[in-house]
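Reading the structure
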Amino acid sequence: MNDTITAISTALGVGAISIIRVSGKDAIKIVNGITKRKKLDKVESHTINYDYIVDGDNVIDEVLISVMKAPRTFTMEDVVEINAHGGISTTNYILKLLLKNGCRLAEPGEFTKRAFLNGRIDLTEAEGVMDLINAKTDKSHKLAINQLNGKTSNLIKELRQDIIEILANIEVNIDYPEYEDIVDLKTKDIGPKMDNLLKKINKILNDSNNAILINDGIKTSIIGKPNVGKSSLLNRLLNEDKAIVTDIEGTTRDIVEGKISLDGLLLNIIDTAGIRETDNLVESIGVKKSLELIDNSDLILYVLNNNTELSDSEKEILDKLKDKNYIIVINKSDLPNKLTLPEGIKNVVQISALNDTGIDELKAKIKEIYNLEEIEVEDMTYLSNARSIALIEEAKNLLEEANKNIESDIPVDMVEIDIKEAWSKLGEIIGETYQEELIDQLFSQFCLGK
Ligand code: GDP
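Let me sum up the structure you'll find in this document.

Moving on, we come to the overall build of the chain. Counting secondary structure elements, the chain contains 15 helices and twelve strands. Buried positions account for 46% of the 450 residues belonging to the chain. Here the analysis covers contacts within the chain between residues at least 6 apart in sequence; of these, 63% occur between residues at least 24 apart. Accessible surface computed for the chain: about 23,000 Å², of which carbon and sulfur atoms make up 50%.

Set out below in structure tokens:
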């Protein structure tokens, strides 16, 4: 962290301007060294300065240079930004000059990492920065802003505060067992406090799962027996939607056949080619493949043929769908009806892929299942990545365990271990878990008068 880092902050290509950012204790000195006027060490903080970048006697570019002195900067270090003309060779030339004069090339995300290490932002806010850069829809953009402005971190801090209060109650109990009135953990403060805490955690988990759907899209499989019309349906869905999102590397591990955006709801249709290949094979292989897809998808569009009776294997698959998000798509409704569904099957839509009827109803059904229109994005506080979600889930499990133990009269110091662990897990989410901190906080908040 003692060195001065630099990187081109704008996308590399031909544009009107490009920005080269420098951060670190020598930022002003190094940039000043490659300017013509050499006045940057005397200017006020947070000013924009007109100058030229020079390499010896050669003028490289006419530029505007922002000088921002620590600590009121993104990294909390001295930051200098050079607004150069946006050609690739000029921008690279300036970058090379900076490297020659004492800067180190920044690693990806290193400016944000410094902002975190210097205490300017916490981990969830840093993740918010990343999400904002990667946001693909209006909804995901709004979600990222919520995270960036600290809403998520504040909530995590609030949860940890709740835990501290619960722990303080327990400490009182251990240190002053003679006070009978605070011994009863179950009925006094702790039980209700725990319930409240768990309720908040469940809300965050729920919001987070919805956020993942908004950001990454819904893994959707179209399954069904050969010739029921799966490809015809896929083509209808893809062709009708003009806003097909291009495949972006790394967004999903599955092979995506196509992406469909339904009013901000992104469907990733995952590759069902495996099933089509089994056309000529025994049906059981098709069933096995379908079951695998059911397990690996968020949403299943199960296509049946209106013109044939339900087969045994189809009944088997219907049975397996019960615990998933599914839609039964009865295709070929232009042909005479020979299909009857068993009792209790919900989410049925009739279509004709051939005549293009029922597709809108199908889309409406998908939106209804996910109900995303109802979600007020502004109110959502969420965790955007698997790391944070796994941590909050661990915290939840620990607290549930503690809650159970409180109820079954396990000694409080045993219960305390789980609660402290949950506190640490939440701290890892925002990147600030230290056991000493727990102790300090306990003492600073709950002076017991001794
Ligand atoms: P897949 O094997 O499930 O992918 O089925 P296809 O989409 O290849 O369709 C199989 C056959 O059914 C093709 O000949 C289609 O033209 C036909 N087909 C698809 N949808 C309909 C429909 O809604 N009505 C009728 N009558 N035929 C359809």
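Resuming the write-up.
The subject of this paragraph is unusual backbone geometry. With omega at 0°, the peptide bond leading from A70 into P71 counts as cis. Note that P71 resides in the loop between β4 (58–68) and β5 (79–85). Positive phi, normally seen in glycine, also occurs at M76, with a value near 70°. Here M76 is to be found in the loop between β4 and β5.

Attention now moves to helix α7 (residues 190–216). With 27 residues, α7 extends 38 Å between its outermost C-alpha atoms, agreeing within 8% with the 39 Å of an ideal straight helix rising 1.5 Å per residue. Where α7 terminates, the next one or two residues include G217, which has phi positive at roughly 95°.

Moving on, we come to the site of the ligand. Surrounding the ligand, one finds 15 residues, the nearest of these being N227, K230, S231, S232 and D334. Measuring from an oxygen atom of the ligand, one finds a backbone N or O atom of V228 at 3.3 Å. At a separation of 2.8 Å, a nitrogen atom of the ligand approaches a polar side-chain atom of D334. For the ligand, the accessible surface in isolation is 580 Å², of which the surrounding protein chains cover 75%. Examining the composition of the shell around the ligand, we find that three residues originate from one element, helix α8 (residues 230–240), more than from any other. When grouped by side-chain class, the residues that make up the shell around the ligand number five nonpolar, six polar and four charged.

On to the packing of aromatic side chains, then. Scanning the model with the defined rule gives one aromatic pair in all. Between the aromatic rings of Y50 and Y52, the centroid separation amounts to 5.8 Å while the plane-to-plane angle is 65°, which identifies the pairing as edge-to-face. Under the relative-accessibility criterion, Y52 is labelled partly exposed at 23%. The ring of F111 has R21 lying over it, and the distance from NZ or CZ to the ring centre is 5.1 Å. The ring of W423 has R160 sitting right over it, with the charged end atom 3.8 Å from the ring centre.

Among the structural elements, L105 can be located in strand β6 (residues 104–105). Sequence separation of L105 and L95 is ten residues, and the distance between their C-alpha atoms is 8.6 Å. Setting aside residues no more than four positions away along its own chain, L105 makes contact with T6, L95, L99 and E110.

Applying the stated criterion across every chain yields a total of 16 salt bridges. Notably, a salt bridge pairs R236 with D356, separated by 3.9 Å at the nearest N-O pair. With R236 in helix α8 and D356 in the loop between β12 (348–350) and α12 (359–370), the pair connects residues that are 120 residues apart, well separated along the chain. Judged by relative accessible area, R236 falls into the partly exposed class, the value being 25%.

Okay, the nonpolar core next. Ranked by internal contacts, the top residues of the largest apolar core, which has 31 residues, are I163, I392, L399 and I419. Only α6 (151–175), α7, α13 (386–407) and α14 (412–430) provide two or more residues apiece to this core. When sequence neighbours within four positions are dropped, the list of residues in contact with L399 reads I163, M194, L197, L198, I201, I419 and A422. Membership of the second largest hydrophobic core comes to 25 residues, among which are L237, L262, I269 and V329.

What follows concerns the sheet that holds β4. Pairing is mixed in the open sheet, where six strands are placed in the order β3-β4-β5-β2-β1-β6. The strands lining the two open edges of the sheet, one partner per strand, are β3 (47–55) and β6. Relative to β5, strand β2 (residues 17–23) is paired through seven bridges, and the arrangement is antiparallel. Across the sheet, residue V22 finds its bridge partner in β5, namely V80. Packing against the sheet, helix α2 (residues 88–100) makes contact with β1 (5–8), β2, β3, β4, β5 and β6, and its axis sits at approximately 175° to β1. Each of β1, β2 and β6 is contacted by helix α3 (residues 110–117), which is oriented at about 140° to β1, the strand it contacts most.

Taken together, the side chains of I48, Y50 and L64 present a nonpolar region at the surface, about 300 Å² in accessible area. Here L64 lies in strand β4. The class of L64 is partly exposed, set by a relative accessible area of 40%.

Okay, the pairing of strand β10 (residues 299–305) next. Summarising burial for β10: seven of the seven residues are buried, a large majority. Of the pairings in the sheet, the one linking strand β7 (residues 218–223) to β10 comprises four bridges and is parallel in character. Bridging across to β10, I222 finds its partner in L301. Where β10 meets strand β11 (residues 325–331), seven bridges bridge the pair, whose relative direction is parallel. Residue L299 lies in a different strand from β11, and its bridge partner there is N325.

Reading guide: rules and limits
- Residues numbered from 1 in each chain as written.
- Predicted model: local features only at pLDDT ≥ 70, side-chain atom pairs only at ≥ 80, totals over all residues.
- Heavy atoms only, no water.
- Helix = DSSP H or I, 4+ residues; strand = E, 2+ residues; numbered from the N terminus.
- Buried < 20%, exposed > 50% of the residue type's maximum accessible area, 1.4 Å probe, protein only.
- Contact = heavy atoms within 4.5 Å.
- Areas by Shrake-Rupley, 256 points an atom, 1.4 Å probe, with all protein chains shown as cover.
- Expected span 1.5 Å × (residues − 1).
- Near = heavy atom within 4 Å.
- Polar contact = N/O pair within 3.5 Å; in protein donor to acceptor, adjacent residues only side chain to side chain.
- Nonpolar A, V, L, I, M, F, W, Y, C, P; charged D, E, K, R; others polar.
- Phe/Tyr/Trp six-rings, centres within 6.5 Å; stacked < 30°, edge-to-face > 60°.
- Lys NZ or Arg CZ within 6 Å of the ring centre and 35° of its normal.
- Salt bridge = Lys/Arg side-chain N within 4 Å of Asp/Glu carboxyl O.
- Core = buried A, V, L, I, M, F, W, Y, C linked by side-chain atoms within 4.5 Å.
- Pairing = 2+ DSSP bridges.
- Axes fitted to C-alpha atoms, helices over the stretch in contact; angles between N-to-C directions.
- Patch = residues over 30% accessible without salt bridge, like charges linked within 9 Å, V, L, I, M, F, W, Y side chains within 5 Å.

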